[in-house]
Amino acid sequence: MENQAQATCASKIRECRSAWWGGKVMPARTEFGFYSNQQSQVLALQGGQVDVIQQIVVQGAQGLLHDPSVKILNIRSSNHREVHMRCDKPPFTDKRVRQAVALTLNRPGIVHALFGGLSDLGNDSPFAPIYPSTNTSVPQRHRQIARAKHLMAEAGLAHGAEVTLTTEQVQEIPDYAVLIQNAAAEIGLKINLKIETSAAYYGKATFGNSDWLDSTMGITDYGHRGVPNVFLTAPLESGGSWNAAHFNNKTYDKLVADYIATVDLTRQREYSGRIERLLLDETPIIFAYFYNYLAATKKTVSGVVVTGMSQVFLQHATVA
């Protein structure tokens, strides 16, 4: 939801050639170029038109990952995609159906296929592995087709159901949607895909005026945060402004309030464990992965610093 809203850019560093007595020469200036797609950026980097690409995703940039003239800046992050399932609309009013969909996903396979392994697995809560407060004692959810079929039958859907998954044309999301579609078909859930521009998907970003917030099932991109608080509140709290799943659970609301109010790490992990288990049971949202933030520079460039929030710092950048 956030990465796509930021201007995609690459930059060319112009080095100062005048005499300088204060150590390494800093860039005299930086020139920014904006591109409509990643492929254009990749070609510009390989062709020498730019020195730095602010962010790349593995899909479409595989050539850079193995290019000896390119340096990949790779940091773990809480960047992720949220697959929401509306708890107030069939077939997802029954949590067993939501659980079943989550159980169809081969998460290690998804991480390998979409990110070449450059991602952490998600366990259907906002608690990414990078967060110190994440309770790692909660077992990882994994693919269980037989269990998923049993849950569908218990929910009265042994003969299947049909739903539309709405999402946006951003980075790897359409490919992820197809993987979900294929996985769900194994338990009789037919998923029709509706892939839109980001503008159409988000609409006015208010309930009743947004395919994001109104769709029965959807995939939304979320950018990195240093702590999980915003992920715990806006998309999941009862009445949350980004609650596309229309999840309403007062026990969850209280646990999140207690977690946020707690400063002791041990106590935070106690609350996060309870939150993680509750979300595994309810499964309003699938958090399948938290992908690494990647940027790319020419091998001759050094001193570039990036963050998981798409920030790039060039004040110490130099070109050999």
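Overview of a nonpolar patch on the surface
Then, in step 1: A cluster of nonpolar side chains, namely V178, L193 and I195, defines an oily patch on the protein surface of about 190 Å² accessible area.
Then, in step 2: Position of L193 among the secondary structure elements: in strand β8 (residues 189-196).

Observations regarding the side chain of E168
Then, in step 1: By the element assignment, E168 lies in strand β7 (residues 161-168).
Then, in step 2: Lacking a salt bridge, the buried E168 has R81 as its closest oppositely charged neighbour, with an N-O distance of 6.1 Å.
Then, in step 3: A polar contact of 2.9 Å, which involves the side chain of E168, links it to the side chain of S198.

Side note on the nonpolar core
Then, in step 1: By size, the foremost hydrophobic cluster in this structure holds 50 residues, and its most contacted members are L64, Y176, I180, L189, M217, I286 and Y289.
Then, in step 2: It is helix α6 (residues 173-185) that provides the largest number of residues to this core, a total of 6 residues.
Then, in step 3: With residues up to four places along the chain from it excluded, the contact list for I180 reads V83, L105, L165, I191, M217 and I219.
Then, in step 4: The next biggest cluster of nonpolar side chains, apart from the first, holds 26 residues, and it includes F127, W212, A245 and L278.

Some thoughts on the pairing of β7
Then, in step 1: Within β7, 6 of the 8 residues are buried, which leaves it mostly tucked inside the rest of the structure.
Then, in step 2: With 8 bridges joining them, β7 and β8 adopt parallel strand pairing. Bridged to E162 within β8 is K190.
Then, in step 3: Viewed along the sheet, the connection from β7 through α6 into β8 turns out right-handed.
Then, in step 4: Direction of pairing for β7 relative to strand β9 (residues 217-222): parallel, over a ladder of 2 bridges. Paired with T166 across the bridge in β9 is G218.

A closer look at helix α5 (residues 145-154)
Then, in step 1: Within α5 the residues assigned to the buried category are I145, A148, L151 and M152. One face of α5 carries all of its buried residues, which in axial projection span an arc of 120 degrees.
Then, in step 2: Elements that come into contact with the buried residues of α5 comprise α3 (95-103) and β8.
Then, in step 3: Positioned one or two residues after α5, G156 has a phi angle of 80 degrees, which is positive.

Rules of the game
Residues numbered from 1 in each chain as written. Predicted model: local features only at pLDDT ≥ 70, side-chain atom pairs only at ≥ 80, totals over all residues. Heavy atoms only, no water. Patch = residues over 30% accessible without salt bridge, like charges linked within 9 Å, V, L, I, M, F, W, Y side chains within 5 Å. Areas by Shrake-Rupley, 256 points an atom, 1.4 Å probe, with all protein chains shown as cover. Salt bridge = Lys/Arg side-chain N within 4 Å of Asp/Glu carboxyl O. Helix = DSSP H or I, 4+ residues; strand = E, 2+ residues; numbered from the N terminus. Buried < 20%, exposed > 50% of the residue type's maximum accessible area, 1.4 Å probe, protein only. Lys, Arg positive; Asp, Glu negative; His and termini not counted. Polar contact = N/O pair within 3.5 Å; in protein donor to acceptor, adjacent residues only side chain to side chain. Core = buried A, V, L, I, M, F, W, Y, C linked by side-chain atoms within 4.5 Å. Contact = heavy atoms within 4.5 Å. Pairing = 2+ DSSP bridges. Right-handed = clockwise from strand over helix to strand, strands pointing away. Arc of directions from axis to C-beta.

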